[in-house]
Amino acid sequence: LEESLAGPIWCKTLEAALNDAHKMKNKEGNPREIFIVGGEQIYDLALHLGVVDQIILSRLHKTYEGDRYFHIPVGWVESGKEDHGDFDVFYFLKG
């Protein structure tokens, strides 16, 4: 895949998306960092496949109603935290 690609790339599976993402390089020719932005099923699949090496979790200081909440899986440890005023960002690594 070329660096000049603009816009989304559609893939039928998470595995295909990761395969395409691994082919993309930055300006220096190095692999790009890959972020998985999902919903519950995408996150569950990525964790199940073992392709996640870091979780970056934003926690808002305000409460919102919802029917799905992400829980840090067993075996992951907090490695950092940033305060951004209205929200915090937590970093977790697989322990």
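Residues numbered from 1 in each chain as written. Predicted model: local features only at pLDDT ≥ 70, side-chain atom pairs only at ≥ 80, totals over all residues. Heavy atoms only, no water.

## What to know about the packing of aromatic side chains
Then, in step 1: By the definition in use, this model includes two aromatic pairs.
Then, in step 2: Arranged with centres 5.7 Å apart and planes meeting at 70°, the rings of Tyr43 and Phe70 form a pair that is edge-to-face. Of this pair, Tyr43 sits in helix 2 (residues 40-49) while Phe70 sits in the loop between strand 1 (54-60) and strand 2 (76-83), and the two are 27 residues apart along the sequence.
Then, in step 3: Relative accessible area serves as the criterion here: at 33%, Phe70 is assigned to the partly exposed category. (Phe/Tyr/Trp six-rings, centres within 6.5 Å; stacked < 30°, edge-to-face > 60°. Helix = DSSP H or I, 4+ residues; strand = E, 2+ residues; numbered from the N terminus. Buried < 20%, exposed > 50% of the residue type's maximum accessible area, 1.4 Å probe, protein only.)

## Focus on the nonpolar core
For soluble globular proteins, the rule of thumb is that nonpolar side chains tend to be buried together.
Then, in step 1: Counting nine residues, the largest nonpolar core consists of Leu14, Leu18, Ala46, Val52, Ile55, Leu57, Trp76, Phe90 and Phe92.
Then, in step 2: Secondary structure elements with two or more residues in this core: helix 1 (14-23), strand 1 and strand 3 (87-94).
Then, in step 3: Residues within four places of Ile55 in sequence aside, it is in contact with Leu47, Phe70, Ile72, Pro73, Trp76, Phe90, Tyr91 and Phe92. (Core = buried A, V, L, I, M, F, W, Y, C linked by side-chain atoms within 4.5 Å. Contact = heavy atoms within 4.5 Å.)

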